[in-house]
Amino acid sequence: MTKKKQKQVVTQRNERCKGCRFCEISCPAQAISVSSEVNAKGYNYMNIDHEKCTTCGACYTVCPDYVFEITEVA
């Protein structure tokens, strides 16, 4: 029996972001950029271009504020 591989997607919790840009610097696909909008804390949070994102997990790994999650979708 073969198991079908699930598609993964990176989700984010903008309210946790403090705009350190570690994720932007670390993204090999250059899929992360700074938003012009601010969160409740007053920080410009990051945007993910899901067309460019390869779900490599670099953003998840380097983020000190646990903004990013990698989840499986059907």
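Residues numbered from 1 in each chain as written. Predicted model: local features only at pLDDT ≥ 70, side-chain atom pairs only at ≥ 80, totals over all residues. Heavy atoms only, no water.

Turning to the overall build of the protein, a few remarks are in order. Looking only at helices and strands, the protein features two helices and four strands. Mapped in sequence order, the helices and strands of the protein form the string β-α-β-β-α-β. Across its three principal directions, the C-alpha atoms of the protein cover 50 × 20 × 20 Å. For the protein, the residues scored as buried account for 23% of the 74 residues in total. (Helix = DSSP H or I, 4+ residues; strand = E, 2+ residues; numbered from the N terminus. Buried < 20%, exposed > 50% of the residue type's maximum accessible area, 1.4 Å probe, protein only.)

Our next topic: the state of the cysteines. A complete count under the given rule lists zero disulfides for this structure. Cys27 forms no disulfide, and the closest cysteine sulfur to it belongs to Cys56, at a distance of 5.9 Å. Residue Cys63 stays outside any disulfide, its sulfur separated by 5.9 Å from that of Cys20, the closest cysteine. Residue Cys63 is classed as buried on the basis of its relative accessible area of 11%. (Disulfide = S-S within 2.5 Å.)

A separate point is the pattern of salt bridges. What the rule picks out here adds up to three salt bridges. The shortest N-O distance in the salt bridge between Arg13 and Glu15 comes to 3.2 Å. Overall, the relative accessible area of 42% leaves Glu15 in the partly exposed class. Among the ionic pairs, Glu24 bridges to Arg21, the shortest N-O distance being 2.6 Å. Since its relative accessible area comes to 39%, Arg21 is described here as partly exposed. (Salt bridge = Lys/Arg side-chain N within 4 Å of Asp/Glu carboxyl O.)

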